Amino acid sequence: MPLYTSSSFKSELNNKGWRLTPQRETILHVFQNLPKGNHLSAEDLYNLLKSRGEPISLSTIYRTLKLMARLGILRELELAEGHKHYEINQPYPHHHHHLVCVQCNKTIEFKNDSISKIGMKQAEKSGLHLLDCQLTIHTVCYEALRMGWPSLIPSEWSCSQSIAEQAEHCLSESDSDDESDGID
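Since this is a predicted model, take the numbers as computed values, not measurements.

What counts and what doesn't
- Residues numbered from 1 in each chain as written.
- Predicted model: local features only at pLDDT ≥ 70, side-chain atom pairs only at ≥ 80, totals over all residues.
- Heavy atoms only, no water.
- Buried < 20%, exposed > 50% of the residue type's maximum accessible area, 1.4 Å probe, protein only.
- Helix = DSSP H or I, 4+ residues; strand = E, 2+ residues; numbered from the N terminus.
- Arc of directions from axis to C-beta.
- Patch = residues over 30% accessible without salt bridge, like charges linked within 9 Å, V, L, I, M, F, W, Y side chains within 5 Å.
- Areas by Shrake-Rupley, 256 points an atom, 1.4 Å probe, with all protein chains shown as cover.
- Salt bridge = Lys/Arg side-chain N within 4 Å of Asp/Glu carboxyl O.
- Axes fitted to C-alpha atoms, helices over the stretch in contact; angles between N-to-C directions.
- Parallel < 35°, antiparallel > 145°, perpendicular 65-115°, else oblique.
- Left-handed = near helix turned anticlockwise from the far one by under 90°.
- Contact = heavy atoms within 4.5 Å.
- Nonpolar A, V, L, I, M, F, W, Y, C, P; charged D, E, K, R; others polar.
- Core = buried A, V, L, I, M, F, W, Y, C linked by side-chain atoms within 4.5 Å.

### Description of helix α3 (residues 42-51)
Stage number 1. By the burial criterion, the buried members of α3 are A42, L45 and L49. What you see down the axis of α3 is that its buried residues fit within an arc of 65°, all on one side. Away from the buried face of α3 by more than 90 degrees, exposed residues K50 and S51 are located.

Quick look at the structure:
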C-alpha cells in the first residue's frame, strides 16, 4: 500500500483550503510507482507525463512538486546536476541519504540510522516534528580522480567503473559504523 494515498493527500490539501486536482493526483501516482532509487527532476517528470499524453504544464509541475515537498510528501534533493530532484518521502526509520559524484552524477543511496537519530533528537529538542532528514555527500569517483579531475576531464565524460560495487562497499561500512559511532 502506498504511503500517501489520494485520499490522504486530498485530506491534507482540504485542511489547508486547497483542492486535489487531477494534475496533483497524477503526479502523486507517478511518485508512488517510481522504482526505488529513482529521482525525478521537474523536467524529467514533464517529459514522462508528456510521453504518456498527460497534458500538464511545466509550471503546474513545478508548483505541485514544491507543494508536495512542503507538505512532506516528497523529498526535495540537491544532487550534482544543479537542479532539484524529487522522490517519495519515506518516514523514519526508512530515511536514506545520498553519495553523489560531482563529475559523473552517479548517485548511491545509503542508510545510516545515526544521522536520522541526530535529526530526530534535534527536532524534538527544539519542539518540532521531523518530516525528513537527509544528508547528501558530494564526492568524486576514483576513476575521475585517476583521469585528472577536474581540469583534464571532458565535460560529457562519465565513469565506466561499477558504481554498484562501490555502493555495496559503502553500505557494509555504514552498517558497521552505526553500531560503533557512540551516538545515543
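Alright, that's what it looks like, and here's the rest.
### Some thoughts on a nonpolar patch on the surface
Stage number 1. Nonpolar side chains collect at one region of the surface, where V102, Y142, L145 and W149 lie side by side and expose about 390 Å² of accessible area between them.
Stage number 2. Its location among the elements puts Y142 in helix α6 (residues 142-146).

### Some words on unusual backbone geometry
Stage number 1. Along the chain, W149 connects to P150 via a cis peptide bond; the corresponding omega equals 0°.
Stage number 2. Examined against the element boundaries, P150 turns out to sit in the loop between α6 and α7 (163-180).

### Points about the packing of helix α2 (residues 22-32) against helix α4 (residues 58-70)
Stage number 1. Two numbers describe how α2 lies on α4: the axes approach to 10 Å, and their chain directions differ by 65°. In terms of orientation, α2 lies roughly perpendicular with respect to α4. Crossing of α2 over α4 shows right-handed handedness. Seen from α2, the contacting residues are Q23, R24, I27, L28 and F31; seen from α4, they are T60, I61, T64, L65, L67 and M68.
Stage number 2. In terms of residue class, the contact of α2 with α4 is built from seven nonpolar, three polar and one charged.

### Some details on the environment of K117
Stage number 1. Assignment of secondary structure puts K117 in helix α5 (residues 113-125).
Stage number 2. Remark: the alpha-carbon pair of K117 and C133, spanning 16 residues in sequence, is separated by 9.0 Å.

### Remarks on the nonpolar core
Stage number 1. One finds F9, I27, F31, L45, I61 and L65 to be the most contacted residues of the largest nonpolar core, which totals 23 residues.
Stage number 2. Those elements giving two or more residues to this core turn out to be α1 (6-15), α2, α3, α4 and β2 (84-88).
Stage number 3. Dropping the residues within four chain positions of it, L65 is found in contact with I27, F31, A42, L45, L74 and Y86.
Stage number 4. Among the nonpolar cores identified, the runner-up in size contains seven residues, and C101, C104, I153 and W157 belong to it.

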